[in-house]
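Coordinate analysis (summary)
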Amino acid sequence: RRFFAGLEARRAAQYYEDSAPLPELVDPASRPSLRALIAIYRELLKRIEQRDFRVLRRRVALSAWEKSWILLRAMAGGAR
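Quick summary incoming for the structure in this document. (Residues numbered from 1 in each chain as written. Predicted model: local features only at pLDDT ≥ 70, side-chain atom pairs only at ≥ 80, totals over all residues. Heavy atoms only, no water.)

Where helix α1 (residues 2-18) contacts helix α2 (residues 31-50), the two axes come as close as 10 Å, and the packing angle between them is 160 degrees. Relative to α2, the element α1 is oriented roughly antiparallel. α2 is crossed by α1, and the crossing has left-handed handedness. Packed against α1, whose contacting residues are A9, A12, A13, Y16 and E17, the element α2 presents I38, Y41, R42, L45 and E49 at the interface. Counted by class, the contact of α1 with α2 contains seven nonpolar, no polar and three charged residues. (Axes fitted to C-alpha atoms, helices over the stretch in contact; angles between N-to-C directions. Helix = DSSP H or I, 4+ residues; strand = E, 2+ residues; numbered from the N terminus. Parallel < 35°, antiparallel > 145°, perpendicular 65-115°, else oblique. Left-handed = near helix turned anticlockwise from the far one by under 90°. Contact = heavy atoms within 4.5 Å. Nonpolar A, V, L, I, M, F, W, Y, C, P; charged D, E, K, R; others polar.)

In structure tokens:
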């Protein structure tokens, strides 16, 4: 089961990497939101992997502070 979870995690991580050019293809006003979305979900994936894919008993989440920090970086043009 973990083998398949690991495969799916690597697949998802590759999708996040492949999405890097996308913010430049959308309206400039929408770029920070897209950057933040990608960064938040990438970080959630990392945490899922760190928990060895054991996510059914305890929710995987970012704190409000972490999400705010990602949003600030996204608004500044970064957030990877």
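On to a nonpolar patch on the surface, then. On the surface, a cluster of nonpolar side chains totalling about 610 Å² of accessible area is made up of W65, W69, L71, L72 and M75. Given the relative accessible area of 63%, W65 is considered exposed. (Patch = residues over 30% accessible without salt bridge, like charges linked within 9 Å, V, L, I, M, F, W, Y side chains within 5 Å. Areas by Shrake-Rupley, 256 points an atom, 1.4 Å probe, with all protein chains shown as cover. Salt bridge = Lys/Arg side-chain N within 4 Å of Asp/Glu carboxyl O. Buried < 20%, exposed > 50% of the residue type's maximum accessible area, 1.4 Å probe, protein only.)

Oppositely charged side chains are able to pair whenever their charged atoms sit close together. A full pass over the atoms with the stated rule returns eight salt bridges. In this structure, R31 and E24 form a salt bridge, with 3.5 Å as the shortest nitrogen-oxygen distance. Several salt bridges share partner residues, and in doing so they unite E43, K46, R47 and E66 into one network.

Moving on: the packing of aromatic side chains. Taken as a whole and judged by the stated rule, the model has one aromatic pair. Where W65 meets W69, the ring centres are 6.3 Å apart and the plane angle is 10 degrees; that geometry is what we call stacked. Here W69 and W65 lie together in helix α3 (residues 64-75), a separation of four residues that amounts to about one turn. Judged by relative accessible area, W69 falls into the partly exposed class, the value being 43%. (Phe/Tyr/Trp six-rings, centres within 6.5 Å; stacked < 30°, edge-to-face > 60°.)

Let us now look at the nonpolar core. One broad trend across soluble globular proteins is that nonpolar side chains are buried collectively. The biggest cluster of nonpolar side chains holds eight residues, and these are A36, A39, I40, L44, V60, L62, I70 and A74. At the level of elements, α2 and α3 are the ones that each hand at least two residues to this core. Ranked by residues supplied to this core, first place goes to α2 with four residues. (Core = buried A, V, L, I, M, F, W, Y, C linked by side-chain atoms within 4.5 Å.)

This paragraph deals with the packing of α2 against α3. At a closest axis distance of 8 Å, the pairing of α2 and α3 adopts a crossing angle of 140 degrees. If you check the angle between α2 and α3, you find them oblique. Along this stretch, α2 crosses α3, giving a crossing that reads as right-handed. When α2 is examined against α3, the residues P32, R35, A36, A39, I40 and R47 are found in contact with a partner set consisting of E66, K67, I70, L71, A74 and M75. Class assignment for the residues of the contact of α2 with α3 results in eight nonpolar, no polar and four charged.

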